[in-house]
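Chain by chain, the residues:
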Amino acid sequence: MSGQNIVSALDLAQAAPPSVSTQCRDYQRMADTLTWISAHFEEQPTLADIASRAGASPYHFQRLFSRWVGLSPKKYVQHLTLERAKASLDASQSVLASTFAAGLSSPGRLHDLFVNIEAVTPGEYKRGGAGLVIRHGIHDSPFGPCLLMHTPRGICALAFVDESDNGRTLASMSARWPNAELLADPGPGAELAARVFAPRDKDGDPLSVLLHGTPFQIQVWGALLRIPRGTVTSYQALASYIGKPNASRAVGTANGANPISYLIPCHRVIRKSGSLGGYRWGLGRKLAMLSQELN
């Protein structure tokens, strides 16, 4: 039985939401803990075991864990099973089938209603960002520090960075824009970053994103925006939704190449078996995102 599974949380945390900076500081401890539990849940570790590994007292760790995941460590361990993961996946499919069938006319609070997509033209794609100014900076987020890159036309990259990054993520994300002018200017991006991770208001202005990718990648990334918060789907189902049922492997590749993490929710795609599959920004981060959403 795989330990890399995700579950629906059962009880909502009641404490007032912490600040983004506090969540950013707590993120790594939670990501490490969720990853460890996923690998050892069949051993039924106790609260004391988990808290000790996280370097915290059971009392304080229980509060931190419940705030992040929405249920206690004990309940999380009890329900972290392949069957529960598959149940979450199965339950999501009817919601997603209706969502994709209805498209943008759906009355639900679809994720894609909060994001305006603009794809570069074929000519712009070929020029690799020539004449474009891209500002970038590192900002706090609930899931650790993130690199935000943006242009006057919208966000063009959102990636997570770790302490040992040393500029590698910036180099990777800017590679698709080899001829653009890059400016280290975190100030203007701070408000954008706050809006990305804040609860979205249906009456608020949508965020704009500028996507640089192949037509197939753009199609997959657009489909990801139709996956509502609190649901998950599989690579195979996503391939079927876009009319290419035999392209699940290509869909997985495009999913992994998504340049705007979290906002374009590639973390909501898991394997048909119920296991998490991969995630460009780390399994612990994917677990943390889904644990907060599926409660």
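Student: Looking at this structure, I do not really get the overall build of the protein. What am I missing?
Tutor: Each helix and strand in the protein was counted, giving twelve helices and eight strands. Excluding contacts between residues fewer than 6 apart, the proportion of contacts in the protein whose partners are at least 24 apart in sequence is 73%. Entry remark: accessible area of the protein is about 13,400 Å², with carbon and sulfur atoms responsible for 52%.

Student: Quick question: what am I supposed to make of the pattern of salt bridges here?
Tutor: Side chains bearing opposite charge may pair, as long as their charged atoms lie close to each other. A complete count under the given rule lists four salt bridges for this structure. Across the salt bridge formed by Arg153 and Glu124, the nearest N and O atoms sit 2.8 Å from each other. In this pair, Arg153 sits in the loop between strand 3 (146–151) and strand 4 (154–160) while Glu124 sits in helix 6 (residues 122–127), placing the two residues 29 residues apart along the sequence. The class of Arg153 is partly exposed, set by a relative accessible area of 26%. Put simply, Glu118, Glu124 and Arg153 are held in one network by salt bridges that share partners.

Student: Which parts of the structure should I look at to understand the packing of aromatic side chains?
Tutor: In this description, a pair of aromatic rings is defined by centroid distance and the angle of the planes. On inspection of all chains with the given rule, the structure shows five aromatic pairs. Residues Phe61 and Phe65 carry aromatic rings whose centres are separated by 5.8 Å and whose planes lie at 45° to one another, so their mutual orientation is tilted. Linking Phe61 with Phe65, this pair stays in helix 3 (residues 58–69), spanning four residues, or about one helical turn. When its relative accessible area of 1% is taken as the criterion, Phe61 is described as buried. Here a set of aromatic residues connected by ring pairs shows up, and it is made of Phe143, Phe160, Phe197 and Tyr262.

Student: Is there a simple way to explain unusual backbone geometry in this structure?
Tutor: Excluding glycine, most residues fall at negative phi; most peptide bonds, likewise, are trans. A positive phi angle is found at Asn166, which is not glycine, with a value near 55°. Within the secondary structure layout, Asn166 lies in the loop between strand 4 and helix 7 (168–174). Judged by relative accessible area, Asn166 falls into the exposed class, the value being 71%. A positive phi is found at Tyr262, a non-glycine position, where the angle reads about 65°. Note on placement: Tyr262 falls in the loop between helix 11 (248–256) and strand 8 (269–270).

Student: I'm lost on the side chain of His136 in this one. Help?
Tutor: Tracing the backbone through its elements, the reader meets His136 in strand 2 (residues 133–139). Among all residues touching His136, those that are not within four sequence positions of it are Leu147, Leu148, Met149, Leu170, Leu182, Leu183, Ala184, Asp185 and Pro186.

Student: How should helix 3 be read in this particular structure?
Tutor: Residue pairs spaced three or four apart in an α-helix point in one direction, given the helix's 3.6 residues per turn. The end-to-end C-alpha distance of helix 3, which contains twelve residues, comes to 16 Å, matching closely the 16 Å that a straight helix rising 1.5 Å per residue would cover. In the stretch just after helix 3, Gly70 is the one whose phi turns positive, near 95°.

Student: Just to check I follow, could you spell out the packing of helix 2 (residues 47–54) against helix 3 for this structure?
Tutor: Relative orientation and spacing of two packed helices are given, respectively, by the angle between their axes and the distance between those axes. Here helix 2 crosses helix 3 at 90°, and the two axes come no closer than 9 Å. One finds that helix 2 runs roughly perpendicular with respect to helix 3. Touching Leu47, Ala48, Ile50, Ala51 and Ala54 of helix 2 are Pro58, Phe61 and Gln62, all from helix 3. By residue class, the composition of the contact of helix 2 with helix 3 is seven nonpolar, one polar and no charged.

Student: Honestly, the environment of Glu191 in this entry has me stumped. Any pointers?
Tutor: Looking at where Glu191 falls in the secondary structure, it is placed in helix 8 (residues 186–197). When its relative accessible area of 60% is taken as the criterion, Glu191 is described as exposed. Each C-alpha atom, one on Glu191 and one on His139, is 9.8 Å from the other, the two residues being 52 residues apart in sequence.

Reading the values: the criteria
Residues numbered from 1 in each chain as written. Predicted model: local features only at pLDDT ≥ 70, side-chain atom pairs only at ≥ 80, totals over all residues. Heavy atoms only, no water. Helix = DSSP H or I, 4+ residues; strand = E, 2+ residues; numbered from the N terminus. Contact = heavy atoms within 4.5 Å. Areas by Shrake-Rupley, 256 points an atom, 1.4 Å probe, with all protein chains shown as cover. Salt bridge = Lys/Arg side-chain N within 4 Å of Asp/Glu carboxyl O. Buried < 20%, exposed > 50% of the residue type's maximum accessible area, 1.4 Å probe, protein only. Phe/Tyr/Trp six-rings, centres within 6.5 Å; stacked < 30°, edge-to-face > 60°. Expected span 1.5 Å × (residues − 1). Axes fitted to C-alpha atoms, helices over the stretch in contact; angles between N-to-C directions. Parallel < 35°, antiparallel > 145°, perpendicular 65-115°, else oblique. Nonpolar A, V, L, I, M, F, W, Y, C, P; charged D, E, K, R; others polar.

That's the geometry; what it means functionally is another story.
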